[in-house]
Amino acid sequence: MSDLEDLTQALARNLKRWRGERGFTLDALAVRSGVSRGMIIQIEQARTNPSVGTTVKLADALGVSITTLLDRGRSRQVHLVLPGQGVRMWSTEAGSGATMLLGDDRRGPLEVWTYRLEPGEGTASDPHPAGTLEMLHVTTGRLTLVVDGEPYEVPAGGAVSFEANLPHEYRNDTAEPMEMTMAISIPPVSGNEMPARH
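What counts, and where the lines are drawn
Residues numbered from 1 in each chain as written. Predicted model: local features only at pLDDT ≥ 70, side-chain atom pairs only at ≥ 80, totals over all residues. Heavy atoms only, no water. 1 Å grid on protein atoms, 1.4 Å probe; cavity = no way out; pocket = protein on both sides within 12 Å on 5 of 7 lines; lining within 4 Å. Points joined across faces, edges and corners; volume = space filled by probe spheres on them. Helix = DSSP H or I, 4+ residues; strand = E, 2+ residues; numbered from the N terminus. Nonpolar A, V, L, I, M, F, W, Y, C, P; charged D, E, K, R; others polar. Pairing = 2+ DSSP bridges. Axes fitted to C-alpha atoms, helices over the stretch in contact; angles between N-to-C directions. Buried < 20%, exposed > 50% of the residue type's maximum accessible area, 1.4 Å probe, protein only. Arc of directions from axis to C-beta. Polar contact = N/O pair within 3.5 Å; in protein donor to acceptor, adjacent residues only side chain to side chain. Contact = heavy atoms within 4.5 Å. Core = buried A, V, L, I, M, F, W, Y, C linked by side-chain atoms within 4.5 Å.

### Overview of the layout of surface pockets
Here is step 1 of the chain: One number sums up the size of the largest pocket: a volume of about 460 Å³.
Here is step 2 of the chain: What lines the largest pocket is a set of 29 residues, among which Gly53, Val56, Ser125, Asp126 and His128 lie closest to the centre.
Here is step 3 of the chain: Those elements that place two or more of their residues in the lining of the largest pocket are α2 (26-33), α4 (52-62), β3 (110-117), β4 (122-125), β9 (168-171) and β10 (178-185).
Here is step 4 of the chain: Among the elements that make up the lining of the largest pocket, the one with the highest residue count is α4 (six residues).
Here is step 5 of the chain: For the lining of the largest pocket, a count of residues per class yields 15 nonpolar, eight polar and six charged.

Put into structure tokens, the structure is as follows:
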């Protein structure tokens, strides 16, 4: 089985499990996440490999990290990720991309990512649930972070945190590559909460 097939199977199994633990019907999860009922069924049956955006919406709606949805049965006490073993979530032909290194749900969903943006490239994110916090540390180059239409310049060695319940994007407006590490803290969700508003 390829890594992609393995991740597709893990996502199907874990989505079904977490939907059951939260007590969400297919229709309730569709409303909470903004992902169609048909797409959720396809994911739970491992018949499709959803986009990163769809996976993020489902994780947010369930109140778990993306790592939890993609978990292939790792140990809960120590989780070592060696170079090259993170989950590549997206990439471009020019070399930009994002890799999720770690995630944990024991104290509310928490994820650690690395990003690389080549000159002139960027990526946008839909608003996350209220209470979601992102923290970024730029290690190479300069990041242009745009939160709710307002740009913030973050040079190498700089860091920034922000409430991520607003539209936001990460851009590299320079002629040099930009690399950063990002941590995301997401508020926990229980099955009896009202649907998230995005």
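Here the narrative resumes, following the displayed structure.
### Comments concerning the sheet that holds β4
Here is step 1 of the chain: Strand order in the open sheet formed by four strands is β4-β9-β6-β7, with antiparallel pairing between adjacent strands. The sheet is open, and its two edges are formed by β4 and β7 (150-155), each paired on a single side. Put simply, the sheet's adjacent strands are angled 15 degrees from each other on average, direction ignored.
Here is step 2 of the chain: In this sheet, β9 lies alongside strand β6 (residues 142-147) in antiparallel orientation, the contact comprising four bridges. The residue of β9 that forms the bridge with valine 147 is histidine 168.

### Brief notes about helix α3 (residues 37-44)
Here is step 1 of the chain: For α3, every residue scored as buried is listed here: Ile40, Ile43 and Glu44. Taken around the axis of α3, the buried residues stretch over an arc of 95 degrees, which confines them to a single face.
Here is step 2 of the chain: The positive-phi residue at the C-terminal boundary of α3 is alanine 46, with phi of around 55 degrees.

### Notes on the side chain of threonine 144
Here is step 1 of the chain: Positionally, threonine 144 belongs in strand β6.
Here is step 2 of the chain: A distance of 3.0 Å separates a polar atom in the side chain of threonine 144 from a polar atom in the side chain of glutamate 153.
Here is step 3 of the chain: There is a polar contact of 3.2 Å between the side chain of threonine 144 and the side chain of aspartate 173.
Here is step 4 of the chain: Beyond its immediate stretch of four places on either side in the chain, threonine 144 contacts Pro151, Tyr152, Glu153, Glu169, Tyr170, Arg171 and Asp173.

### Digging into the nonpolar core
Here is step 1 of the chain: Counting 43 residues, the largest nonpolar core has Trp113, Leu136, Leu143 and Tyr170 as its most contacted members.
Here is step 2 of the chain: Here leucine 136 is in contact with Leu143, Leu145, Gly158, Ala159, Val160, Phe162, Tyr170, Met180, Thr181 and Met182, once residues within four sequence places are set aside.

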